[in-house]
Amino acid sequence: MSTVPTAVITGASSGIGAATARRLAAAGYRVVLTARRKDRIEALAAELTEAGHEAVPYALDVTDRAAVEALAASLDRYGPVRVLVNNAGGALGTEPVASADPADWRSMYEVNVLGVLHITQALLPALTASGDGTVVVLSSTAGLATYEGGGGYVAAKHGAHVIAETLRLELCGQPVRVIEIAPGMVKTEEFALTRYRGDQDKAAAVYAGVAEPLTADDVADTVTWAVTRPPHVNIDLLVVRPRAQASNYKVHRES
Ligand code: NJP
C-alpha cells in the first residue's frame, strides 16, 4: 500500500477548498477532492495530476449521509486517511431574525454543521488508525461573534465551532488533533455571490474599498501551516483576518 499520506478536502470545487487542495498537494499529500460539482473537481484533479501530484476527484454532497459513508469506504485502498479538511459550507441571505426564511437556516445548518458531523464521523476511524490524524474545521469569525443580518450563518458557524471544541475534548489522549481555522473577510469568487443569491452588485459591495481582503490562498496557506506542524503541536483555534478588518464590524474602506 502507498505511503503517501491522504488528505480529504470538502468543498474543493472553488475558493478556499480548491486553494487548500493545491497547497496540500504541493506539501506531499494525496488529495481527495470532494464537492457536488463533478466537472470542477475533475478539472482540478487533472491540473494537479499534470503537475505530478496525486489527486482523486469524488463528487459528494456532505449533507447526504449515505454518500459520505460510501466515500469513507472507497478510501480504504489508500490506507489510513491522515487529514480531513472540513471546508464545505457557506452563507445564504442576510435577512434579520424577524423575517429570515427558516429554509435558509435549515440549509445552512445542514451543510455547515451536519455536513461536518457526517464526514468527521465517517472518517474518524481511518484518521485514528493513521496514528497521527488531523481534523480541520474551517469555521469563521462568524462562529465567534454575531452581527445584524448574520443570524442563520452565525448560528451555523457557532455550531461548527462547538463541534471542533467538543471533539478536541473527546479525542484527548487519542492520536487525532482538531484544528479550527476561523477566517474573517476572504474575497473568493462565490461566497458572497451565493449569500446574495447571485446578485453581483451586492456581492461586490462586501469588499468595496477594502484594499486587500484575504485571498483563498492566504487561508489555504494558514490551513497548510497548521496541518504541517509536528504531530504533538495542536493549533486549537486560529483567527485570520485581513489587516483592514479588526472585527466583524470594523473594516477600513478607502473611498
Ligand atoms: O466559499 P465558496 P469559500 N456538499 O462558496 C461546497 C468559510 N468562510 O471558499 O458543492 C458538498 O467558494 C461548494 O462546492 P459545490 C465558508 O463558510 C468563508 O469562500 O460544488 N460541498 C464549494 O466548493 C466555507 O465553509 C469566508 O457547490 C458543498 C464550497 O463548499 C469555507 O470558508 C469567510 C456543499 C464553498 O466554496 C469556504 O468558503 C469565513 C454541499 N452540500 C468563512 N455546499 C469568506 N469567503 O469570506 C457547498 O469567515 N459546498
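Before reading further, recall that the structure is shown in the block above.
Just so it is clear, the model here is predicted, and its values are computed rather than measured. (Residues numbered from 1 in each chain as written. Predicted model: local features only at pLDDT ≥ 70, side-chain atom pairs only at ≥ 80, totals over all residues. Heavy atoms only, no water.)

Undergrad: What is the right way to look at unusual backbone geometry in this model?
TA: In terms of backbone geometry, most residues other than glycine have negative phi values and most peptide bonds are trans. Its identity as a non-glycine residue notwithstanding, Arg197 has a phi of 55°, on the positive side. Structurally, the position occupied by Arg197 is in the loop between α6 (191-195) and α7 (200-205). Note on Arg197: relative accessible area 46%, which makes it partly exposed. (Helix = DSSP H or I, 4+ residues; strand = E, 2+ residues; numbered from the N terminus. Buried < 20%, exposed > 50% of the residue type's maximum accessible area, 1.4 Å probe, protein only.)

Undergrad: For this particular structure, what's the right way to read helix α3 (residues 65-74)?
TA: For an α-helix, 3.6 residues make a turn, and residues three or four places apart therefore share a direction. All buried positions along α3 are accounted for by Val68, Leu71, Ala72 and Ser74. The buried side chains of α3 occupy one side of the element, clustering within an arc of 165° when seen end-on. For α3, the secondary structure elements touched by its buried residues are β1 (6-10), β2 (30-35), β3 (55-59) and α4 (102-129). (Arc of directions from axis to C-beta. Contact = heavy atoms within 4.5 Å.)

Undergrad: Would you mind going over the site of the ligand with me for this structure?
TA: With respect to spatial proximity, 30 residues lie near the ligand, and among them Arg36, Ser140, Tyr153, Pro183 and Thr188 are the closest. At 3.5 Å, a backbone N or O of Gly184 approaches an oxygen atom of the ligand. Alone, the ligand offers 890 Å² of accessible surface; in the complex the protein occludes 94% of this. A per-class count over the shell around the ligand returns 12 nonpolar, 13 polar and 5 charged. (Near = heavy atom within 4 Å. Polar contact = N/O pair within 3.5 Å; in protein donor to acceptor, adjacent residues only side chain to side chain. Areas by Shrake-Rupley, 256 points an atom, 1.4 Å probe, with all protein chains shown as cover. Nonpolar A, V, L, I, M, F, W, Y, C, P; charged D, E, K, R; others polar.)

Undergrad: Before we go on, may I ask you to explain the nonpolar core in this structure?
TA: Val31, Leu33 and Ile181 are the most contacted members of the largest nonpolar core, which totals 35 residues. With sequence-adjacent residues up to four places away left out, Val31 is seen in contact with Ala7, Ile9, Ala21, Leu24, Ala25, Leu48, Glu54, Ala55 and Val56. (Core = buried A, V, L, I, M, F, W, Y, C linked by side-chain atoms within 4.5 Å.)

Undergrad: Quick question: what am I supposed to make of the sheet that holds strand β7 (residues 237-240) here?
TA: Within a beta sheet, neighbouring strands are joined by backbone hydrogen bonds and run either parallel or antiparallel to one another. On the basis of which strands lie adjacent, the open sheet formed by 7 strands has the order β3-β2-β1-β4-β5-β6-β7 and parallel pairing. Here the strands that pair on one side only, and so sit at the sheet edges, are β3 and β7. This sheet shows a mean twist of 15° between the axes of neighbouring strands, independent of strand direction. Relative to β7, strand β6 (residues 176-183) runs parallel, the two sharing 4 bridges. Within β7, the residue paired with Ile181 across the bridge is Leu238. Running at roughly 155° to β3, α3 makes contact with β1, β2 and β3 of the sheet. Of the strands in this sheet, β5 (133-138) and β6 are in contact with helix α5 (residues 151-171), which crosses β6 at around 155°. (Pairing = 2+ DSSP bridges. Axes fitted to C-alpha atoms, helices over the stretch in contact; angles between N-to-C directions.)

Undergrad: Whenever I open this one, the packing of helix α1 (residues 15-26) against helix α8 (residues 216-227) confuses me. Can you help?
TA: How two helices sit against one another is set out by the angle between their axes and by the gap between those axes. At a minimum axis separation of 8 Å, α1 and α8 run at an interaxial angle of 50°. Overall, the two elements α1 and α8 adopt an arrangement that is oblique. Every pair of crossing elements has a handedness; the one defined by α1 and α8 is right-handed. For the pair formed by α1 and α8, the contact residues are Gly15, Ile16, Ala19, Thr20, Arg23 and Leu24 on the first element and Ala216, Asp217, Val219, Ala220, Asp221, Val223, Thr224 and Val227 on the second. Here the contact of α1 with α8 is built from residues that sort into 8 nonpolar, 3 polar and 3 charged. (Parallel < 35°, antiparallel > 145°, perpendicular 65-115°, else oblique. Left-handed = near helix turned anticlockwise from the far one by under 90°.)

Undergrad: I'm lost on α8 in this one. Help?
TA: Its 12 residues give α8 an end-to-end C-alpha distance of 16 Å, which sits within 8% of 16 Å, the value for a rise of 1.5 Å per residue. Listing the buried residues of α8 in full gives Ala216, Val219, Ala220, Thr222, Val223, Thr224, Ala226 and Val227. Those residues of α8 hidden inside the fold are in contact with α1, β4 (81-86), β5, β6 and β7. (Expected span 1.5 Å × (residues − 1).)

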